[in-house]
Amino acid sequence: MLRVRSKGGCCGWFIAFVVLAVVVGAVVFTVKKKFGHSGSDKAAPVPGPPGAVDQKYATALKTSLQFFDIQKSGKLVNNKISWRGDSGLKDGSQANLDLTKGLYDAGDHMKFGLPLAYTATVLSWAILEYGDQMDHVGQLDSAQDSLKWITDYLINAHPSADVLYIQVGDPVADHKCWERPEEMTEARPLTQVNASHPGSDIAAETAAAMASASLVFKKSNSSYSSTLLKHAKQLFTFADKNRGYYSESIPEVQTYYNSSGYGDELLWAASWLYHATGDDSYLEFVTGQDGEDYAEWGSPTWFSWDNKHAGTQVLLARLSFFKAKGISDSYGSGLQSYKETAEVVMCSLLPDSPSATKSRTEDGLIWVAEWNSLQHAVASAFLAVIYSDYMLTSQTPNLKCDSDSFTPSDLRDFAKSQADYVLGKNPMDMSFLVGYGDKFPQFVHHRGASIPVDAKTGCSDGFKWLESSDPNPNVATGALVGGPFKNDTFIDSRNNTMQTEPSTYNSAVIVGLLSSLVTTSSVVQSFT
């Protein structure tokens, strides 16, 4: 006989049980979210040699490195980009210098010294921390080749101790043209800083680039490494003894890469020179009066081509993690101030931290400014994953953020969230890394990419390609475009410069971030 179940029977009890389970689960989740980051005081295992590869990040890394090839000036060797050719072959000739190498800054054909040197410093840092991981996925040679293309240029741009050429090209004239770099015929004037027209910011950033790169090439090319270090020391001395803003000495550069200060670059350069030389005078510089004057201890900042504070804090925290016993006590309190400030930066980045920054999109991307918004998100993630790896390798179990605490994996998860947003996990389902994934920007603000290889254009008649409604005929593979607005939207238009223009310094930070995520390994405890 068929038995009919009443509404209050076992089905009802089952539903009640499910509801209860959901409620309990929500309570547990809430409690864990509030208190669960403290975990145990037991440190996570130290990662061994590079392990399993995350193919998503490996593919993205290979893609991102190609943009450096696209941006190369000069006589191209083993050119891998079918739509690029030799260009800028007379750069520097009026001063009897070979300034043909280096990288074009963005979608234009300028060589701007401050962002270019920053590009080299960050790329060096990425190689020093994650070269084994780059090598594990076959990308180390490409990264080193791109770095050397920049440092070859920087060496030639520093012909004497107190002279540094900091710009090739006239930005006003350059931006009146829309043409392929191979077809340029305009004058390419040179701009320099010297003892009469100082530029501590740009000279110190170039010193940081030279010092960090000297560590990259120390084993593979010792004579080249020595040359780089010699230039780094000279440039730091020049920057220190002739203090001044390069954008005050040369007001016309203010429109493009105006410097907000030079103290951060002096500390950044001295930090790299200490790592490269072990000379305590550089440690004394960053922990002494100049540290007191310029370090902005306790105040979190955004790492960028203009502001090196957060990068310096993380780089010097490395000493506290790995070398504390070998450093004089007289430097200890200063170094501790850098580490404590690095912790403040990390706590501001972690989304569940009590002191988390509100500078984010609704979807969780760090967002600071409309123009080139991704630079801060990616640079922040790069610093976070480096700090996470310092913690892991030094067996530091957690990071205190007010009353809460977080683990290295929390920092890594944050870094991955920013990388994943860039690669397509966002409301637009779009990759902002050109050439990666099924959907990426088609109207990148980039002259060479927008003009067909066989087109013959002069300076001004090429603007029809800027205005064209057709997608770029050449893919600017590896370009990291400016990125989304605060409301997680993006307008793919060649004229939308703030969102669709890529830059070489964007490429440096995305290469660093992706290199850190392709696999896991312990970081080296000394760059030497």
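The rules behind each value
Residue numbers here run from 1 along each chain, matching the order of that chain's written sequence. Local features are withheld for residues below a pLDDT of 70 in this predicted model, meaning they are given only at 70 or higher, and side-chain atom pairs are given and counted only at 80 or more; totals for whole chains, interfaces and linings count all residues. Note: side-chain values were computed over all heavy atoms of the structure, leaving out hydrogens and water. Numbering of helices and strands runs from the N terminus, with a helix taken as a DSSP run of H or I at least four residues long and a strand as a DSSP run of E at least two residues long. Summary of the burial criterion: residues with accessible area below 20% of their type's maximum are buried, those above 50% are exposed, and those between are partly exposed, where the area comes from a 1.4 Å probe applied to protein chains only. By definition in these notes, contact holds between two residues if any of their heavy atoms fall within 4.5 Å. Geometry of aromatic contacts follows a simple scheme: Phe, Tyr and Trp rings, the Trp one being its six-membered ring, pair when their centres are within 6.5 Å, and the pair is stacked under 30 degrees between planes, edge-to-face over 60, tilted otherwise. Sitting over a ring, as applied to charges here, requires NZ of Lys or CZ of Arg to be within 6 Å of the ring centre and within 35 degrees of the ring normal. UniProt positions are given in the numbering used here, feature names are shortened, and annotations may be inferred rather than shown by experiment. Here a polar contact is taken to be a pair of N or O atoms separated by no more than 3.5 Å, where protein atoms must pair a possible hydrogen donor with a possible acceptor and residues adjacent in sequence count only if both atoms sit in side chains. The definitions used throughout rest on a 1 Å grid laid over the protein atoms alone, on which a cavity is an enclosed set of points accommodating a 1.4 Å probe that cannot get out and a pocket is an open set flanked by protein within 12 Å on both sides along at least five of seven lines; lining residues are those having an atom within 4 Å of a point. Grid points are joined across faces, edges and corners, and a volume is the space filled by probe spheres set on the points. Residue polarity is assigned by list, with Asp, Glu, Lys and Arg as charged and Ala, Val, Leu, Ile, Met, Phe, Trp, Tyr, Cys and Pro as nonpolar; anything else, Gly included, falls into the polar class. Axis lines are fitted through C-alpha atoms, for helices just across the contact stretch, and the angle between N-to-C directions can take any value from 0 to 180 degrees. Oblique is the label for any angle not covered by the other classes, which are roughly parallel (under 35 degrees), roughly antiparallel (over 145) and roughly perpendicular (65 to 115). Note: crossing handedness is left-handed where the near helix turns anticlockwise from the far helix by less than a right angle, and right-handed where it turns clockwise. We call a pair of cysteine sulfur atoms a disulfide whenever their separation is within 2.5 Å. Two strands make a pair as long as DSSP finds a minimum of two bridges between them. Criterion for a salt bridge: a side-chain nitrogen of Lys or Arg within 4 Å of a carboxyl oxygen of Asp or Glu.

*Asks:* What is the right way to look at the overall build of the chain in this model?
*Replies:* Scanning the chain for helices and strands turns up 20 helices and five strands. Dimensions of the chain, computed from C-alpha atoms along their principal axes, come out at roughly 100 × 65 × 40 Å. Looking at the chain as a whole, 59% of its 528 residues qualify as buried. Long-range pairs, those at least 24 residues apart, make up 75% of the contacts in the chain between residues at least 6 apart in sequence.

*Asks:* Looking at this structure, how should I read the packing of aromatic side chains?
*Replies:* What characterises a pair of aromatic rings is the spacing of the ring centres plus the angle enclosed by the ring planes. Summed over all chains, the structure comprises 25 aromatic pairs. Note on Phe321 and Phe322: the rings are 6.3 Å apart at their centroids and 45° apart in plane angle, and the pair reads as tilted. According to the relative accessible area criterion, Phe321 is buried, its value standing at 14%. Summarising the aromatic geometry, the rings of Phe321 and Tyr387 are spaced 5.3 Å apart at their centres and angled 75° between planes, so their arrangement reads as edge-to-face. Remark: Tyr387 occurs in helix H15 (residues 374-393) and Phe321 occurs in helix H13 (residues 309-322); sequence separation between them is 66 residues. Tyr387 matches Phe321 in its accessibility class, with the two residues each being buried. Members of the aromatic cluster, connected to one another through ring pairs, are Tyr118, Trp125, Trp268, Trp272, Phe303, Phe382 and Phe527. Just above the ring of Phe321 sits the side chain of Lys339; from NZ or CZ to the centre is 4.8 Å.

*Asks:* Is there a simple way to explain the UniProt feature "active site" (unreviewed entry) in the chain in this structure?
*Replies:* Summarizing the sequence annotation, UniProt attributes the feature "active site" (unreviewed entry) to His445 in the numbering used throughout. With respect to the helices and strands, the residue His445 is situated in the loop between helix H16 (408-422) and helix H17 (447-450). Not counting the four nearest positions on each side in its chain, His445 is found in contact with Gly107, Trp178, Leu466, Arg494, Thr497, Thr500, Glu501 and Pro502.

*Asks:* Which parts of the structure should I look at to understand the side chain of Gln418?
*Replies:* Among the secondary structure elements, Gln418 is positioned in helix H16. On the basis of relative accessible area, Gln418 is assigned to the buried category, the value being 1%. A polar contact is formed between the side chain of Gln418 and the backbone nitrogen of Ile366, at a distance of 2.9 Å. Sequence-distant contacts of Gln418, defined by excluding residues within four places in its chain, comprise Gly364, Leu365, Ile366, Ala377 and Ala381.

*Asks:* Got a minute to help me understand the layout of surface pockets in this structure?
*Replies:* Empty pockets left among the atoms are what a rolling probe the size of a water molecule brings to light. What the largest pocket holds in volume is close to 470 Å³. Lining the largest pocket are 27 residues, with His175, Tyr257, Trp371, Thr497 and Glu501 positioned closest to its centre. Listing elements by their share of the lining of the largest pocket, those giving two or more residues are helix H9 (254-257), helix H18 (463-467) and helix H19 (497-500). It is H9 that provides the largest number of residues to the lining of the largest pocket, a total of three residues. Residues belonging to the lining of the largest pocket are distributed by class as follows: 13 nonpolar, 10 polar and four charged. Its volume calculated, the second largest pocket comes out at about 380 Å³. Around the second largest pocket sit 18 residues that line it, and Leu128, Leu215, Val216, Lys219 and Phe527 are the ones nearest its centre. At the level of elements, helix H3 (113-136), helix H4 (140-156) and helix H6 (200-216) are the ones that each hand at least two residues to the lining of the second largest pocket. Counting residues per element, the lining of the second largest pocket draws most heavily on H3, which supplies five residues.

*Asks:* Looking at this structure, I do not really get the side chain of Glu265. What am I missing?
*Replies:* Among the secondary structure elements, Glu265 is positioned in helix H10 (residues 263-277). The contacts of Glu265, once residues within four sequence positions are left out, are Leu114, Asp201, Ala204, Glu205, Trp305, Asp306 and Lys308.

*Asks:* Explain the packing of H6 against H10 to me, please; I cannot follow it from the model alone.
*Replies:* The packing of two helices is summarised by the inter-axis angle and the distance between the axes. Across the interface, H6 lies against H10 with an axial gap of 8 Å and an inter-helix angle of 20°. Classified by the interaxial angle, the pair formed by H6 and H10 is roughly parallel. As for the relative orientation of H6 and H10, their crossing is left-handed in sense. Contacts between H6 and H10 pair Asp201, Ala204, Glu205, Ala207, Ala208, Ala211, Ser212, Ser214 and Leu215 from the former with Glu265, Leu266, Trp268, Ala269, Trp272, Leu273, His275 and Ala276 from the latter.

*Asks:* Which parts of the structure should I look at to understand the state of the cysteines?
*Replies:* Should the sulfur atoms of two cysteines be covalently bonded, the bond is a disulfide. One pass over the full model with this rule turns up two disulfides. The disulfide bridge from Cys177 ends at Cys459, spanning 2.0 Å between sulfur atoms. One disulfide, between Cys177 and Cys459, carries an S-S torsion of -90° and so falls in the left-handed class. Of this pair, Cys177 sits in the loop between helix H5 (171-174) and strand S3 (190-194) while Cys459 sits in the loop between H17 and H18, placing them 282 residues apart in sequence. When its relative accessible area of 2% is taken as the criterion, Cys177 is described as buried. What pairs with Cys347 in a disulfide is Cys401, and their sulfur atoms sit 2.0 Å apart. Disulfide Cys347-Cys401: the torsion about the S-S bond is -85°, which places it as left-handed. Residue Cys347 is found in helix H14 (residues 332-349), and its partner Cys401 is found in strand S4 (residues 399-401); the two are separated by 54 residues along the sequence. Once the bonded cysteines of the chain are numbered in order along the sequence, the disulfide links fall as 1-4, 2-3.

*Asks:* I keep staring at the pairing of strand S2 (residues 163-168) and nothing clicks. Help me out?
*Replies:* Counted residue by residue, S2 has six buried out of six residues, so it is predominantly covered. Two strands pair when backbone bridges link them, and strand S1 (residues 111-112) and S2 are joined in this way by two bridges, in the antiparallel orientation. Paired with Phe112 across the bridge in S2 is Gln167.

*Asks:* Can you help me understand the sheet that holds S2 in this one?
*Replies:* In a beta sheet, neighbouring strands are held together by backbone hydrogen bonds and run either parallel or antiparallel to one another. Reading across from one edge, S1-S2-S3 is the order of the three strands in this open sheet, with antiparallel pairing throughout. Looking at the sheet topology across the chains shown, the edges are occupied by S1 and S3.

*Asks:* Got a minute to help me understand the pattern of salt bridges in this structure?
*Replies:* Between side chains of opposite charge, a pair can form when the charged atoms approach closely. In total, this model carries 19 salt bridges according to the counting rule given. As a salt-bridge pair, Lys75 and Asp86 come within 3.0 Å of each other at their nearest N and O atoms. A residue pair is termed long-range when its members are at least 10 positions apart, and Lys75 in the loop between helix H2 (55-70) and S1 and Asp86 in the loop between H2 and S1 qualify at 11 residues. Judged by its relative accessible area of 28%, Asp86 falls in the partly exposed class. Among the salt bridges present, the one from Asp91 reaches Arg188, with a minimum N-O distance of 3.1 Å. Taken together, the residues Asp91 in the loop between H2 and S1 and Arg188 in the loop between H5 and S3 connect sequence positions 97 residues apart. Owing to a relative accessible area of 3%, Asp91 belongs among the buried residues under this scheme. If you follow the salt bridges from partner to partner, you end up with Arg84, Arg180, Glu182 and Glu183 in one network.

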